[in-house]
Amino acid sequence: MSTDLYAVTVLGHDRPGIIAATTAGLAELGLNIEDSTMTLLRGHFAMMLLCRGGSDAAAIERALAPLAVGGDLDVAVRPVASGPAPAAGGSAWVLTVHGGDRSGIVSAVVAEVAAAGGNITDLTTRLAGDLYLLVAELDLPVDADVAAVESAIRAAAERVGVTATLRPAEADEL
């Protein structure tokens, strides 16, 4: 199998069969899906896949072109530099933020994670009426002062009128 790695994004109005059509097109080219994520964002489909194989970006775009025929989906293919996955160092945490919706919540809270040298590995936000919810998985460096990071996150959350909780992540066993 080739070492060519591609990022494929599919965005647009949700409808049944998008995942099936996308993965069938990739499979027909012999591409292996190495990593993927998909979600609905207010009724809009959003999927990203990292796939590897012997096809080039133009062939992948041609294979997935039928998805965009109706004009309600955008498909993009981009080569990605293949490198070793970052080493998991430090400790895994889950950050939960909730409160009244307003601009700047994500920015204020995640800035404290970055200031501590932390890396956010997964982020989900939802707005339900006036209630805003953020859930993030993150890694903190081995030498991080977790109590200080938690205090900084809570202070940032308070400044924007929300509540934040940082707790250890449960072990992921596959």
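The structure under discussion appears in the preceding block.
Calculation notes
- Throughout, residues of each chain are indexed from 1 in the direction in which the sequence is written.
- Totals for whole chains, interfaces and linings use every residue, but because this is a predicted model, local features are given only for residues with pLDDT of at least 70 and side-chain atom pairs only at 80 or more, for both listing and counting.
- By convention in this description, side-chain values take in all heavy atoms of the structure and omit both hydrogens and water.
- Numbered from the N terminus, helices here are DSSP runs of H or I no shorter than four residues, and strands are runs of E no shorter than two.
- Buried means the residue's accessible area, taken with a 1.4 Å probe over protein chains only, is under 20% of the maximum for its type, while exposed means over 50%, and partly exposed covers the values in between.
- Two residues qualify as a contact provided that any one of their heavy atoms is within 4.5 Å of a heavy atom in the partner residue.
- Salt bridge, as applied in this entry: a Lys or Arg side-chain nitrogen positioned within 4 Å of an Asp or Glu carboxyl oxygen.
- The criterion for strand pairing is that DSSP finds at least two bridges linking the strands in question.
- For every element, the axis is a line fit to its C-alpha atoms; helices are fit only across the contacting stretch, and the angle between N-to-C directions ranges from 0 to 180 degrees.

Trainee: Whenever I open this one, the environment of G118 confuses me. Can you help?
Mentor: Structurally, G118 can be placed in the loop between α3 (105–115) and β6 (119–128). Judged by its relative accessible area of 16%, G118 falls in the buried class. Considered as a pair, G118 and V80 are 38 residues apart in the sequence and their alpha carbons are 24 Å apart. Setting aside chain neighbours within four positions, we find G118 in contact with V113, D139, L140 and P141.

Trainee: Looking at this model, I keep getting lost on the pattern of salt bridges. Mind explaining?
Mentor: Side-chain pairs of opposite charge can arise whenever the charged atoms involved come near each other. Applying the stated rule across the entire model yields 4 salt bridges. E112 serves as the salt-bridge partner of R159, at 3.8 Å between the closest nitrogen and oxygen. Of this pair, R159 sits in helix α4 (residues 146–159) while E112 sits in helix α3, and the two are 47 residues apart along the sequence. Residue R159 is classed as exposed on the basis of its relative accessible area of 58%. Take E112: its relative accessible area is 22%, and that puts it in the partly exposed class.

Trainee: It is not clear to me how the sheet that holds strand β1 (residues 5–13) should be interpreted in this structure. Could you clarify?
Mentor: What links the strands of a sheet is backbone hydrogen bonding, and the strands pair in either a parallel or an antiparallel sense. Read from one edge to the other, the open sheet built from 4 strands follows the order β2-β3-β1-β4, with strand pairing classed as antiparallel. Strands at the two margins of the open sheet, each flanked by one partner only, are β2 (32–41) and β4 (73–80). On average, adjacent strands in this sheet sit at an angle of 10 degrees to one another, irrespective of strand direction. Two strands pair when backbone bridges link them, and β2 and strand β3 (residues 44–52) are joined in this way by 9 bridges, in the antiparallel orientation. Residue pairing across strands places L41 opposite H44, the latter belonging to β3. Contacting β1, β2, β3 and β4, helix α1 (residues 18–28) crosses the sheet at an angle of about 20 degrees to β3.

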